[in-house]
Structure formats: structure tokens, C-alpha cells
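For reference, the chains in residue letters:
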Amino acid sequence: MRYNVNVPFAVIGGSQAYTLLQKGYIQGKRIGEIQTPFGDSQPIYHISNPQYEMLFLSRHGEKGYSLTAPFINYRANIYALKELGVKHIVSWSGPGAINKAYKIGEFVIIDDVVDETHSREFTFYKNRGIGFTRQFPVFCPILRKCIVESLNILHINFSGRGTYVCTQGPRLETPAEIRKYKSFGCDLVGMTLVPEVFLAKELELCYASICYVTNYAEGVVDKPFKAGELFEGLSDDADRKAVEDAVTQFPSIIINIAKYLKRQRIICQCQSSMERYKKRGDIEDDWHDWIKNT
Ligand SMILES: [Zn+2]
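Since the model is a prediction, treat every value here as computed from it, not as a measurement. Residue indices begin from 1 for each chain and proceed along its sequence in written order. The model is predicted, so local features are restricted to residues of pLDDT at least 70 and side-chain atom pairs to those at 80 or more, both for listing and for counting; the totals for chains, interfaces and linings are taken over all residues. Values reported for side chains reflect all heavy atoms of the structure, with hydrogen atoms and water molecules removed beforehand.

Draft legend 1. Spotlight on the environment of F71. Counting from the N terminus, the helices are the DSSP runs of H or I reaching at least four residues and the strands are the DSSP runs of E reaching at least two. Along the chain, the position of F71 falls in the loop between β6 (52–58) and α2 (74–83). In this structure, the C-alpha to C-alpha distance between F71 and R120, residues 49 residues apart in sequence, is 8.2 Å.

Printed below as a string of C-alpha cells:
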């Protein structure tokens, strides 16, 4: 099915995006789930006014944390956004910190990724002989600048770099795993950005991510086990307050980014990720044909 929507900017909301939807901080027309060759996407909202326009998709569902990271249909979500005319995606996630220098609730505009996931559908190009996409830079450099500018306008402090390791989940990591990731140079640990960032590149979409630190990873600080608490005590009341403050800033952050993108046209290398396959005649101009027979 083809949809009569053409919006160049989309936000993929991560942890707690659904609370912003429920409380009405993010409002828009509900387009709903989009049918794709990989199944239905998560429901998509169209937010539009004279100053900005965007699509919004909540990764973990609309009503609660109903869909955990390993079970998200990343291919359907990215395909659906491409189908609706999206060219630029800003995502947000709430990872844990391996690097103690970060404060809880701090925003981090990450610039690199380590993939420790397994058993996920990680490519659109199964058995196609294409898709050897270069991963430098991993995230769209122009979109990262746009996020930085938006945070500066809002006088929000942030860290401009960080390496994110994506684990499989849904279980949390062991202390030894966290020590291993630290030795790899990882600063943050989460479960959602892979394969999302790589799938976006396969469809020549710009993608960048804003993270906010939700807790310290296992073994980074001493936190006793507390039955019935969030992450069994890995996150305490003070942490939750800092996280809540960060989450409530998201609507204004994404609106600022949307306004910026309405003023500025982004031209960057993400939009040429598949160029050599086009040149070689492996694929045509219509991206729908790139993923046929898979
Ligand atoms: Zn780009």
C-alpha cells in the first residue's frame, strides 16, 4: 500500500516516549501502523503546524513499555518511515553509563557504536550481494550538528561524544560484560540503536541519536539489590527524578530540530550510501526494488 504522506523529518522516541504521548506532551494525528513487507510498523503520528512538521514513532509502543528491544521490528519501522517520505531521523534512547564522567539525566550526542546484539533481523539486503555500507561516520554529521545547535538554543548541557554499545537484552549486563565493554572504549550501554542506525543507512536516510543517561551500568557504582524497584535497585529515586527531567525536555528539543530542518536543506553523504550499487547497475532508482526477493 502507498500512503499519501510526505514528511522529511521523523523522530523515533525511545524509553518513556509513550509517557509523553499519554500525557499529551506530544500530540498529532495518528496515522497508525504502516504495512511493510516485513510486517506492521509501530503506530506513527503526524505532527504538523505552520512552523514545523514531523512524524513520531514510539519504539516501545504507545501505552507502556510493551515491546522490549530484542522484539522491536526495526525493519518495519525504518521501511515505514522511508515510505512516508522521511529523509532524516533523530532517535532518542535512555542507555546506562559505563563512563562515570556522565551524570544521570545528562544528554549525550553519541558518535560511535559497538554491536553486541545477536539473533536480530539486521539488514534489508538478505542474499542480494549489496549492502556493504561504510560506517564512518556512523551517525549523520549534519544531523548531529543540528541537534547540537538545538540543544545550545535551549541552553541544555550535553556531551558531544560517546561510544554506545548495543546489547541483546532484555536482561541487563553482567559486571564482567560491563568491564569488557569499558575495555573496548564504550561509554554507554543500551539495547535499541542496533540495527536501527544501520538499517537507516541501507535506505540512505540520515540518522542521529540523542541519548540521556538513565543509570550507571552494573558494577560502575555500588548499588544494592532492591526487590521490586526499577532494575532491582540499579536506578534509585534521585536517578529517576533526573531522568524524568531529561525526558520532559524532549518535546522542545525535537520541535527545535524540526524547525531547524524546515529552514535548512541537508545535503550529506548518507543520501549516497547505495550510490556504487546504482552505478554498477545492481539497483534502480526506486528504493522499493532494492529489497525485492528478500
Ligand atoms: Zn546525513
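Draft legend 2. Representation of the coordination of the zinc ion in the model. Only nitrogen, oxygen and sulfur atoms count as donors, using a 2.8 Å cut-off from the metal that widens to 3.2 Å for Na, K and Ca. Water is left out, so coordination shells may look unfilled. The protein atoms donating to the zinc ion are C140 (SG), C206 (SG), C268 (SG) and C270 (SG), with metal-donor distances spanning 2.1 to 2.3 Å. Angular criteria define each label, namely tetrahedral for four donors with all angles between 85 and 135 degrees, square planar for four and octahedral for six donors with opposite donors over 155 degrees apart and remaining angles between 65 and 115, and irregular for whatever fails these tests. Coordination at the zinc ion is tetrahedral, judged from the four donor atoms that bind it and the angles of 96 to 117° they form at the metal. Think of it in three bands: with a 1.4 Å probe and only protein chains considered, a residue is buried below 20% of the maximum accessible area for its type, exposed above 50%, and partly exposed in between. Residue classification places C268 among the buried residues on the basis of a relative accessible area of 12%.

Draft legend 3. Broad picture of empty space enclosed by the protein. The distinction between a cavity and a pocket rests on a 1 Å grid over the protein atoms alone: a 1.4 Å probe fits inside a cavity but cannot get out, while a pocket stays open yet meets protein on both sides within 12 Å along at least five of seven lines, and a residue with an atom within 4 Å of a point counts as lining. Grid points are joined across faces, edges and corners, and a volume is the space filled by probe spheres set on the points. According to the stated counting rule, one finds one cavity of 30 Å³ or more in the structure shown. Empty space within the largest cavity amounts to approximately 40 Å³. Taken together, V138, F139, C140, V197, A200, K201, L205, C206, Y207 and C270 make up the full set of residues lining the largest cavity. If you list the elements that add at least two residues to the lining of the largest cavity, you get α5 (193–202) and β14 (206–212). The biggest single contributor to the lining of the largest cavity is α5, with three residues.

Draft legend 4. Broad picture of α5. Judged by how many residues are buried, α5 sits mostly within the fold: 10 of 10 residues are covered. Packed against the buried residues of α5 are β1 (9–13), α2, β7 (88–93), β10 (112–116), β12 (163–167) and β14. Residue E204 follows α5 closely and has a positive phi angle near 60°. Note on definitions: a residue-residue contact is assigned when non-hydrogen atoms from the two residues lie within 4.5 Å.

Draft legend 5. Representation of the pattern of salt bridges within the structure. The term salt bridge refers to a side-chain nitrogen of Lys or Arg lying within 4 Å of a carboxyl oxygen of Asp or Glu. Summed over all chains, the structure comprises 15 salt bridges. Salt-bridge contacts for K180 lead to E116; the nearest nitrogen and oxygen are separated by 3.3 Å. In this pair, K180 is assigned in helix α4 (residues 175–183) and E116 in strand β10, connecting sequence segments 64 residues apart. Residue K180 is classed as partly exposed on the basis of its relative accessible area, which comes to 36%. The residue D239 makes a salt bridge to K223 at a minimum N-O spacing of 3.2 Å. Taken together, the positions of D239 in helix α6 (residues 237–248) and K223 in the loop between β15 (215–216) and α6 put the pair 16 residues apart, joining distant regions of the chain. Each of R30, E33 and E62 takes part in a single network of salt bridges with overlapping partners.

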